[in-house]
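Examining the three-dimensional arrangement
Here are the chains, one letter per residue:
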Amino acid sequence: MHPILKPALRRGWRDLNTVQFGVTRAHARVLGPVDTATGSFLTLLDGTRGLPLLREEGKRMGLPDGHVDRLLHRLARAGLLDDTTGGGTAADALRCRPEVMDRLRPDLAALSAVTPEPSQGIRKLAARRAARVRVQGTGRVGAVVASVLSGAGVGQVEVMDGGCVEPWDVAPGGLPPESVGQRRDAAARTAVRRAAPGRPPRHPEDRGDGERPLSLIVLAPRDGLDAFAPDPTAAEPLIAAGTPHLYAGVIEGTGVVGPLVLPGATACAGCLALDRADADAAWPRMLAQWRSGGRRQVPACDLALATTVAGLAAAHTLAFLDGAEPTLAGVRWEVPAPGLTWHRRRERAHASCPCGASEQVKGERTSVDREPHDTMAG
Ligand SMILES: [Zn+2]
């Protein structure tokens, strides 16, 4: 172990013997009291020294026996310590790719800041390299989600879409102008490859066909209606396969992120459809008309809003891959322009939905807490 004080957390002395690590409420920690000798010892924790050397230096600085080990234990328990050599073989393999590491350095620092244990950050980053995600839809939202995931170190990002790139599919971070006229899936694949920080390592689970299990599918349809009111029939295979999936899109002037569906555990497309129909008897009739709408128009989609939605969807996807609490499960965020105030909407599992999620949450449900936010049925 080569201990290092997490470089991602800015350090500052609140007074002569209290040191604060980190700035923001979510991740800052205060350590004290710290005497002067210990304070100067902290500067040695920069990842260049192993334990024996640190103990030796501690002795030379007049620190009592066992003090260095106790201090390291205390720092580790407070989530302030990282290890520049730990994380296992996948982490070592990643360290051997300096060009990849340099690209991912800020992402690694961020992971280190939000994970408590030493080496957990690089472990998670290495795990991303082994993950397989699919993005369906390669418009202004989907192609950006796919590129961001690839750029953030997800090893295998697949894209699916039909037809050819139209000029209005082009977006910074997504499909480039020169891809207009190419097949959408091929163009998005190129964008994903360009965004990737180097080729991912071969995975032990890779079979002959190069397939790993899908960790998650992001459904980012070019027509935002399919994200706002997702089609239960289209989601059936995902529910049956138990594949987690996340909806994201822009409809008219509103951005939509979520829900993340954990099949059989949290609200799915079918639950949403049933819930809307309960709240508004005309909903199915309206939906049928919206879906059929004869002449195909270019759907409204504010570029900045689409980029925001893509970024948030990618961030939630990465958090899910990294093993964080899936806060979008059963939750949808809606952000209407031009105010751009985010609204959180709880999506409940519906008792009549065959996905069975309502059975799961029956015990957890507290009360009928209809959220006042939904004004559609007003
Ligand atoms: Zn359901």
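Residues numbered from 1 in each chain as written. Predicted model: local features only at pLDDT ≥ 70, side-chain atom pairs only at ≥ 80, totals over all residues. Heavy atoms only, no water.

With that settled, consider the overall build of the protein chain. Per the secondary structure count, the protein chain includes 14 helices and 12 strands. Taking the principal axes of the C-alpha coordinates as reference, the protein chain spans close to 80 × 50 × 40 Å. Put simply, the protein chain has 378 residues, and 45% of those count as buried. Within the protein chain, contacts between residues at least 6 apart in sequence are counted, and of these 65% link residues at least 24 apart. Here the protein chain contributes 47 positive and 42 negative side-chain charges, whose respective centroids are spaced 2 Å apart. (Helix = DSSP H or I, 4+ residues; strand = E, 2+ residues; numbered from the N terminus. Buried < 20%, exposed > 50% of the residue type's maximum accessible area, 1.4 Å probe, protein only. Contact = heavy atoms within 4.5 Å. Lys, Arg positive; Asp, Glu negative; His and termini not counted. Charge placed at Lys NZ, Arg CZ, Asp CG, Glu CD.)

Split into domains, the protein chain comes out as domain 1 (3-83), domain 2 (88-127) and domain 3 (130-376). Computed over C-alpha atoms only, the centres of domain 1 and domain 2 are separated by 21 Å. On the side of domain 2, 10 residues touch domain 1, which itself brings nine residues to the contact. Of the roughly 740 Å² buried where domain 1 meets domain 2, counting both sides, 49% is carbon and sulfur surface. Between the two partners, domain 1 and domain 2, sit zero salt bridges. At the surface where domain 1 touches domain 2, the tally comes to four residue pairs in polar contact (both at pLDDT 80 or more). When the residues that make up the side of domain 1 that touches domain 2 are grouped by side-chain class, the tally is four nonpolar, two polar and three charged. (Domains from an automatic or database assignment. Buried area = accessible area lost by both parts, 1.4 Å probe. Salt bridge = Lys/Arg side-chain N within 4 Å of Asp/Glu carboxyl O. Polar contact = N/O pair within 3.5 Å; in protein donor to acceptor, adjacent residues only side chain to side chain. Nonpolar A, V, L, I, M, F, W, Y, C, P; charged D, E, K, R; others polar.)

Okay, the coordination of the zinc ion next. Those donors, Cys268 (SG), Cys271 (SG), Cys353 (SG) and Cys355 (SG), are the protein atoms that reach the zinc ion, and they lie 2.2 to 2.3 Å from it. Positions of the donor residues of the zinc ion, expressed as sequence spacing, correspond to C-x2-C-x81-C-x1-C. Looking at Cys355, the relative accessible area reads 13%, which means it is buried. (Donors = N, O, S within 2.8 Å, 3.2 Å for Na, K, Ca; no water.)

It is worth spelling out the packing of aromatic side chains at this point. All chains considered together, the criterion is met by three aromatic pairs. With 6.5 Å between their ring centres and 50° between their planes, Phe228 and Trp283 make a pair best called tilted. Here Phe228 is found in helix 9 (residues 225-228), whereas its partner Trp283 is found in helix 12 (residues 283-292), with 55 residues between them in sequence. Judged by relative accessible area, Phe228 falls into the buried class, the value being 14%. Overall, Trp283 belongs to the buried group, its relative accessible area being 6%. With a centroid separation of 5.6 Å and an interplanar angle of 80°, the aromatic rings of Trp283 and Trp290 are classed as edge-to-face. One aromatic cluster is present, formed by Phe228, Trp283 and Trp290 through successive ring pairs. (Phe/Tyr/Trp six-rings, centres within 6.5 Å; stacked < 30°, edge-to-face > 60°.)

We now examine the environment of Thr24. Mapped onto the elements, Thr24 comes out in the loop between strand 3 (18-21) and strand 4 (29-31). Judged by relative accessible area, which is 44%, Thr24 ranks as partly exposed. For the pair Thr24 and Arg10, spaced 14 residues apart in the sequence, the C-alpha separation amounts to 9.9 Å.

Once that is clear, we can look at the pattern of salt bridges. In total, this model carries 19 salt bridges according to the counting rule given. The shortest N-O distance in the salt bridge between Arg60 and Glu57 comes to 3.5 Å. One end of the pair is Arg60 and the other is Glu57, both in helix 2 (residues 51-60) and three residues apart, which spans about a single turn. With a relative accessible area of 60%, Arg60 lands in the exposed category. According to the relative accessible area criterion, Glu57 is buried, its value standing at 18%. For Arg183, the salt bridge is made with Asp185, and the minimal N-O distance between the two is 2.5 Å. Taking relative accessible area as the criterion, Arg183 reaches 52% and is therefore assigned exposed. You can call Asp185 buried: its relative accessible area is 10%. Salt bridges linked by common partners bring Asp46, Arg49, Glu57 and Arg60 together as one network.

Let's shift gears to the nonpolar core. Of all hydrophobic cores here, the largest spans 40 residues; its most connected members are Val135, Val141, Val145, Leu149, Val154, Val157 and Val218. By residue number, the principal contributor to this core is helix 13 (residues 303-321), which donates eight residues. With residues up to four places along the chain from it excluded, the contact list for Val145 reads Val135, Val218, Ala310, Ala313 and Ala314. (Core = buried A, V, L, I, M, F, W, Y, C linked by side-chain atoms within 4.5 Å.)

Once that is clear, we can look at the sheet that holds strand 11 (residues 331-336). The sheet built from seven strands is open, its strands ordered 7-6-8-9-10-11-12 with mixed pairing. Only two strands of the sheet have a single partner each, and these edge strands are strand 7 (156-160) and strand 12 (343-346). Neighbour to neighbour, the strand axes of the sheet diverge by 15° on average, direction disregarded. Pairing geometry for strand 6 (residues 132-136) and strand 7, over five bridges, is parallel. (Pairing = 2+ DSSP bridges. Axes fitted to C-alpha atoms, helices over the stretch in contact; angles between N-to-C directions.)

On to the sheet that holds strand 4. The antiparallel open sheet is built from three strands, whose spatial order is 2-3-4. Every other strand in the sheet has two partners, leaving strand 2 (11-15) and strand 4 as the edge strands with one partner each. Taken pair by pair, the neighbouring strands of this sheet meet at an average axis angle of 30°, ignoring direction. Bridge analysis of strand 3 against strand 4 gives three bridges, and the strand direction is antiparallel. The residue bridging Gln20 from the neighbouring strand is Val30, located in strand 4.

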